[in-house]
Every structure is written in C-alpha cells, then in structure tokens.
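# A look at the structure
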Amino acid sequence: MDFSKKGTARKQQYIKSASRKLATKASVTLFRLFLVGLVSIIIIGSYLGFGVLKGLADSAPSIDQINVAPTGFTTTIYDKDGNVIDTLADADSNRVYVGIKKIPKVLRNCFISIEDERFYQHNGIDMQGIFRAFFNGIKSGDFDQGASTITQQLIKNQVFNGGAENNILDRFIRKIQEQYLAIQLEQKLSKDQILEYYMNTINLGAGTHGVQTASRRYFDKDVSDLTLSEAAVIAAIAQSPTNMNPINHPDNNSQRRMQILDNMKRLNKCTEEEYKEAAADDVYSRIQSVTAEQDENSTYNSYFVDELIEQVIADLQAEKGYTYTQASNILYSGGLSIYTTLDSKVQSVLDNVYTNESYFPKMGTDSFWELTYALSIEKKSGKTVHYHTNDLLNFNHLTSAYFSSKKDAQKLIKDFKTAKVEAGDTILGEKTNLIIQPQSSMVIMDQHTGYVVGLIGGRGEKTGNRTLNRATNTTRQPGSTFKVLSTYLPALDSAGMTLASVIDDAPYKYPGTDRYVRNWNGENYEGLSTLRRAITRSMNIVTVKTLEKVTPQVGFDYLNKLGFTTLVDNMTSKTGKVYSDVNLSLALGGITTGVSNLELTAAYAAVANGGVYSKPIFYTKILDHDNKVLLKKKTSVRQVMMESTAFLLTSAMEDVVKKGTGTMVNFQNLKMPIAGKTGTTSDYNDLWFAGYTPYYTACIWSGYDNNRSQTNKNYQKIIWRDVMEQIHKDYGLESVPFTIPDSIVQRTICTKSGKLAVDGLCNKYEGGSTVATEYFAKNTEPTEKCDVHVKVSICTVSNKIANDFCPKATVKEKVLLSKDETSKTMDTPYILPKNTCNVHNAKNSGLPNIIPPPGDTTPPVTTPPAGTPPVTTPPITTPPDNSNNGGTDDGNTDNGNNGTNNGTEEIYDPEFNYNYGH
C-alpha cells in the first residue's frame, strides 16, 4: 500500500470539505447580511414611504378650511303671485339645491349601488375597493377606476377642481390627499350630509348640476317623483356626463343603467317585480319627447327679465358696493330668489297680441324685413376683405335694406357670396340679421304702486338675451304726448292758467324768427280756444303759445321732476354745437335725444296717480341662497303736481278719447273711463298713445328702427285698446269714474272768454253755444262774466252794424264775438263788425231796392243803436323770445337728433266731426 497517495487523497478531501464549510458559512453570512439589508431596506423604505405619505398628507388643505358644500346655484325669478317665470344660471351654476329628505331613497340607492356600494360601512376610503381596483389594474393596465368612494368624489369635485391633472404623479398626489381628507371629512360630517352635498354637486350632463336640475331637464318632474327606471338613468350619467348623456348617447346610458338595476336587485334595494318593470320601461323615448318639447319652448329671456337684470346689477352695485363683475356673478350663480312685479296675466295678453301679425301693417306694404349683413373673407392671396350691408345693396343696385320676404334677402346673400367668394378663399366670418319692421314697444304700470306689470321691448322673434329693448334702452321723439307734460301740466299747476284759459289759434311765428308753428291739420285755425279744447284737439299753436307764457325753463323743470333722464340742457357736441331742450320746441316734443317708453309711461302714471310720481320698479325683494333678504325695493314716490292739476289733466284727456284724436282706443265691449294722449312725429316716423284707466297706465310706441315714414297711422291705437280691454276683462275690473278730489269745483263758463257764461249771450252766439261746464282748482275759478260776446243789431244787407236807417226787415239781432281778427279763423264769420251799415242812409232808406247814389262812396257816419257796446281793438303785441337758443321747432325741424327729431304732428281722426263753422 502506498501511504503517500492515501495522504494526498485525504488532504484533498479535507481541503474540499473545508472549502464546502467555508462556502456554506459564507453563504449563511451573505444570506444573513441580505436579510439584514432587506429588512433594513424595508424598514428604511417604510420610513421613507411613511414620510412621503405623511408629507403629502400634511401638504393637503386643512379639513377646517375646505368647503365641500355645493357652490353655484340657479337664480329663480318669480312673478308677483309667486309663480316661477324664469331662471338664470351660468355654465357651472345650473343647480337647484334639495335636501336629503326630498331626494327619494330609490335615487340615493341607485347612486350608492353603482358608485360606492359600501358607502355606509367604510370610514371614507374603501380598502376592499382599493385592492379590487389594484388587481383589476394589474390585469387591464388601468389603475384609475373603481377605488374612489362618494366621499372622495365629493372632495375631488369641490377641493381639487374635478381631478383634471396633467400627469400620473400629480394624480397620485391628489389621490393620497383625497383619501386623507376623506377619512377626516367622515369624522366631521354625517353620511347623509356627505351624500346630500354629493348629489347636489355632481355634473349630470346637458348643462345640469345636481339631481333636481337633472330631473327637470330629462323628465320635466321634481326629483321627489322619480321612478326606479328614471333614477337609474340619472345615476348612470355620473360616470361620464358627456358619454353617458341619455339624450345624445342613450345606448351608453342604457348599458350602465342595466348595471345599476342589476346591482339594486343584488343588494336587495328593489324587488324582482320592480326590477322587471324598470328594465322594460321605454324611458329613452320619454326623454326624447321631453327634450323636443323643451327645445320647442326654449326661448331667450323676456324683455321684462332683460330689464330686470339691468336693474338688479345696478342696485347691487349701488346698495351693496359690488363691482359689476361681482354683481353679475351673484346674479347668475348665487341661487337668488327674485320676486318681481310682473303680472303674468298682463304679460300673457301682451305676448298674445304682439305675436299676432294681423295687428301690424301687412307685409310688403308697410311691414318689411330689415337686413344687416357682414362678411369677412381671406382671399387666396392672403388679403382680408370685409363686406357690409351697403356692399350687398350696391351689388344688386338696391336703395334700401328692406325686403318683403326672408327668401328674397337670403337669395341676395347667396348671389353675393357666389360672386365674391372664389376658389381658394376662406370665409373668416359671416353675420346675417333680419329684423321685422316696423317695430313696437309697450309698457304697462300699476300707477298706484309703481309696479311694471307688463312689458314688450320689440316685435318678432327674440334672438338673444339682453338685446335691444325698445321699451327701456332706446329713445324716440315723444310727439304730442309731451304737450300734456311739458306745457299744460305747468300751465295749470303753477302758471295761473285753467282749462278754461283762452288762447287764439291763429297764424303764429316762433318769436324772433320767420318760421310759423304749424297745426297738424294744416292752415285751419280754430280761433279763441280753451286749453281743454287745445288738449282734446292736440292744437300745436295754442300749445306753443301756452308754453311761451309758462316759459320753457319751467316746463323743462317739471319734466325733470317727472323722471325724464334724457333731456339736454346746454350739451356741447364734438363739433362744438350747443344743444338745449330749454326752448319752445319742448311744447311739441321736439327734443334732442328723445325719451324712453318706460319713462314716458311713468310720467303719465304720475298724472293717473293724483300727481304722485312713482319710480317704476321691476322687483320687490331679492333673497340670497339662505333665504335672507339681500335687497328690498321700496317704491320711491314724490308729489310732482297738485292733485287738482292731475285731475284736470285727466278730465281733459278723457275728452281726447271721447271726441278728440284718441277715439279709437275706446274699449269695444267694456265700459271703462280712459284718459290719454296721442302723439305722432313728422312723416309719422313715431306713433304713440299714452293713456290710463283707473287701474293701469300704458304707453305704446311704433315705428321703424331707422326712421321711415308710415302710411298706417292708427294700428298702435288698436293694439293699445285690445291689450288694455282684455286685461280689464280678464280681471273683471269694475267701471268706476276717475276720482274727483275735494279741491275741485265746477263753473259754467263761456269757451270763448274763459269767464262765467252770460245767459242770452254765450248760449245765443252765432257760431253756436259756447256755454260749458268746466272743472277748476279751488280759488282759480272765474269770477268775472264773459266780455267777448255782444248782442247787436246787424243789417243783413251790408252785414254791418245796423243804423237808424236800416229797414226793420233787414235788421237782425245777433250775438257776435268782439275780437280783433288778424287772420282768417273759425271765428272770422262771427266777428263783430267794426263799422255800421254804409248802405242805408237818409236818402235811400225808403227805397225798396237800396242803390247808393252815383258818386256817393263815403259811408255815412252813424251812431250805433242804444245798448251797443263799444268796439275795441286790442293792440297786437309780439311776445318775447323765450326759446333760449333760437332753435325752435316748427313741427319738422331737426333739433339735434341726427335726423330723428322730426317735430310733432297729429293724425286727423275721421271719427271726430271737425266743423270750421263756414
């Protein structure tokens, strides 16, 4: 045996054994080091992870500083009887808040079953849902679904702006903070409170936010009335307001709706029968029907609401110190409750009449479509070209933009575009606007309260919100409606005149000029006329002469007291021209910028209300979202004339309607006293009627927006009549006379002198009896007897005062008018002659046929019969010029209104039997 080889083998074996032991020991050591390292990494990672999570949590908003309550609510507008007439909301505020008790259980359960079925079990985050979402994410690669609780969704929407992050990191940070706040929020609020906030916050498509608005939008019913089928539709939208919209994507909504119904059955939230009934419901056909009806009835805000918005924003700025933006924001998103003065019955009558085309001139004769057009083209060369209405008209050699049909206008536009737009050109923008003409506006007020109860700001389809409102935003020349306010009101109230005051209607020039004041009925002059007759007949000359006595400044001051804000006193234009309404043109309504219908209505309402002016208001109170009073509107009133003056004007304007220029406004089937005044401007550009009953005051204007003569001159009266008669009929209003105040007395007067009538003279006047009963304010009634009528013997041969030689057969006693006639008037045939008969004398008194001796041309000097009053000739004086600027208006003169002030005329009313006495 070789021991040396054995030793070597053992040695090698020993070395191998030692190596294995060393390797094993090293492996154990390395494993131990690995375990230590791994544990260390886990521990360190845990600490780091905890630190990161803690840092993210600490950087989250404080739970005490966040507000998860819904913000942005629909403002609701009510009529005077508390009925909803409109709502206002911006894009994010179409929300009507409802408490959890009003939200039916079926709807709550539908949301919970699809969005967070363990809502009432978890503490804000759903760990089971998180793990489920994690493993589903591993399978699908989508880690962004299924883990958010309703509490988290509420926080995401209200604190994190809906969670629209740009990258994964930001989304991860938001998720951590969202979960952290969710746990805290559930310690602060009850489950029901969280659910209530959530269901009032969530976007549910079609511009709706919250379940109440969605219920109204899709089913036209209150949320409390929803069925299981309908509730499932609304709950399905929550996942994606756009893709799950049941109007535009019914198939998508239907799939999720069935998932909700399945969950409801699985969770025992509905019975098998309820499930089957809901599944079989043809709910989407119903939604389409509701949508079609809403689209058909959807309109822009009414003209009343347009003006209401303007007033509310102005009042919020003035009374609350808001900026315009702040006031607008709270109006459209503050959830206000606005209680207006609108009477829906009144407004309905207005709407019905104004949508009835038979009330307006026939299309193609006096009615037209007015076109405004704009087109911008980028030519293929890169040049930009702009075209406007005039270019369109020139293209077809037209002189006006009025069309008898829309088709004609649209064909012209098509032909124009064909000619102007070439291959390679790009249309940058195009705007077409067709507005029916003539236009019209009407305002109705309750004169006793100052409430605007109805308003129309234009004729035809309304094409936007807060568009041109012809009742409030535009000014037009008021025509003869201004005579009562600018002239006769101050004349009776403070200038010592009465309705019996007499002024001669005869040819008359504006003081200091060669321009004549023209009556609307041409060169027909009525002679001595009372102010009552002047108002009834709308006499221009008498009106201007009256204001001359009153002075234009006094008339101007009264108009300011009546609330007119557009009058001008010494306004300098850019060209340096000075304008002023303090002149005699004021008498006829010839003013610089015109007046608004609303302000004219309020002024007439002051007369109707016994001289008390009430600033027109559109709302009585506004409540904020918490039902606290934000604004309260009190009627601002002031006495602007004596009560007696108001009645006298009313009495005179009753005659306008009974026998003057306004007879066409008398109700046809209902007895009701009406007082009012017609008004037209030259060329009939503006047609007005302003009037009132014991209940309501209303003013109507009609005309072309761009001033065009009208041939139909009475249609505005028919509209006023039918609107007002229907309103009074609908309310069953009793016909009662206008109240006569205690400060009024009556006297029998002569209408040619304005003094007490004399029996045997005034009632025997050759021109007809001039005896009338007139109203006076106490202490202004006449005390002197008539001194203008004279009983005299007239020779019927010479038509002069009879002398002692006139045969009795040719002598007739007549009552004539002692007046100096400077021009032919209605009085002329009945003027007392200045001379005695020059036909009969001592030489020929016995001849049967009276022929003056040849060559005898000198009339004999005779003495009038005993008892004949002396004939006096009053001196002719030229009144001073009180026009201030010399810019008086003869009825057609432009008084600085860029062509829109065409003075004042009146329309001859065939119902009034005009007798010149010839």
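Let me sum up the structure you'll find in this document. As the structure is a computational prediction, the values presented were derived from the model and not from experiment.

Within the fold, Asn253 resides in helix α9 (residues 250–266). Exposure remark for Asn253: the relative accessible area of 0% places this residue in the buried category. Side-chain polar atoms of Asn253 contact the backbone oxygen of Met244, separated by 2.9 Å. Reaching out from Asn253, the side chain makes a polar contact with the side chain of Tyr284 at a distance of 2.5 Å.

Another point: the sheet that holds strand β8 (residues 439–446). Pairing between the strands of a sheet is mediated by backbone hydrogen bonds and can be parallel or antiparallel. Taken in spatial order, the five strands of this open sheet run β9-β8-β20-β19-β18, and their pairing is antiparallel. Looking at the sheet topology across the chains shown, the edges are occupied by β9 (451–456) and β18 (675–680). Across this sheet, the average inter-strand angle for adjacent strands is 10°, counted without regard to direction. Across seven bridges, β8 lies against strand β20 (residues 697–703) in antiparallel orientation. Counterpart to Val443 in the pairing with β20 is Cys699.

The next subject is the pattern of salt bridges. Across all of its chains, the model carries 36 salt bridges by this definition. The closest approach of N and O atoms between Lys379 and Asp425, which form a salt bridge, is 2.7 Å. Residue Lys379 is located in the loop between β4 (368–378) and β5 (384–388), and its partner Asp425 is located in the loop between α16 (406–420) and β7 (426–437); the two are separated by 46 residues in the primary sequence. With respect to burial, Lys379 and Asp425 carry one shared label: buried. The salt bridge involving Asp827 is made with Lys752; its shortest N-O contact spans 2.6 Å.

This part covers the nonpolar core. Ranked by size, the top nonpolar core spans 90 residues in total, and within it Phe482, Leu485, Leu562 and Phe564 carry the most contacts. When residues of this core are assigned to their parent elements, the largest contribution, nine residues, is made by helix α21 (residues 597–608). Ignoring anything within four residues of it in the chain, the contact list for Leu562 reads Leu485, Leu489, Ala603, Ala606, Tyr613, Arg638, Val640 and Met641. Core analysis: the next-biggest nonpolar cluster, separate from the first, contains 53 residues, Ile66, Leu228, Ala232 and Ile247 among them.

Let us now look at the packing of aromatic side chains. This structure, assessed with the given rule, holds 17 aromatic pairs. With a centroid separation of 6.0 Å and an interplanar angle of 75°, the aromatic rings of Phe73 and Tyr97 are classed as edge-to-face. Separated by 24 residues along the polypeptide, Phe73 in the loop between α1 (3–58) and β1 (75–78) and Tyr97 in the loop between β2 (84–88) and α2 (105–115) bring together distant segments of the chain. Its relative accessible area of 7% is what places Phe73 among the buried residues. By relative accessible area, Tyr97 is classed as partly exposed at 26%. With a centroid separation of 5.0 Å and an interplanar angle of 45°, the aromatic rings of Phe304 and Phe618 are classed as tilted. In this pair, Phe304 sits in helix α12 (residues 303–320) while Phe618 sits in the loop between β14 (612–614) and β15 (619–623), placing the two residues 314 residues apart along the sequence. Exposure remark for Phe618: the relative accessible area of 0% places this residue in the buried category. Aromatic ring contacts, followed pair by pair, group Tyr373, Tyr387, Phe395 and Phe416 into a single cluster.

What follows is about unusual backbone geometry. What is expected of a backbone is that most residues other than glycine have negative phi and most peptide bonds are trans. With an omega dihedral of 0°, the bond running from Gln437 to Pro438 counts as a cis peptide bond. With respect to the element layout, Pro438 can be found in the loop between β7 and β8. One non-glycine residue, Ser538, adopts positive backbone phi at about 50°. Here Ser538 shows up in the loop between α18 (531–537) and α19 (540–550). By relative accessible area, which is 0% here, Ser538 ends up buried. The phi angle at Asp683 is positive, at roughly 65°, despite the residue not being glycine. Among the structural elements, Asp683 can be located in the loop between β18 and β19 (687–692). For Asp683, a relative accessible area of 43% puts it in the partly exposed group.

How each quantity is defined
- Residues numbered from 1 in each chain as written.
- Predicted model: local features only at pLDDT ≥ 70, side-chain atom pairs only at ≥ 80, totals over all residues.
- Heavy atoms only, no water.
- Helix = DSSP H or I, 4+ residues; strand = E, 2+ residues; numbered from the N terminus.
- Buried < 20%, exposed > 50% of the residue type's maximum accessible area, 1.4 Å probe, protein only.
- Polar contact = N/O pair within 3.5 Å; in protein donor to acceptor, adjacent residues only side chain to side chain.
- Pairing = 2+ DSSP bridges.
- Axes fitted to C-alpha atoms, helices over the stretch in contact; angles between N-to-C directions.
- Salt bridge = Lys/Arg side-chain N within 4 Å of Asp/Glu carboxyl O.
- Core = buried A, V, L, I, M, F, W, Y, C linked by side-chain atoms within 4.5 Å.
- Contact = heavy atoms within 4.5 Å.
- Phe/Tyr/Trp six-rings, centres within 6.5 Å; stacked < 30°, edge-to-face > 60°.

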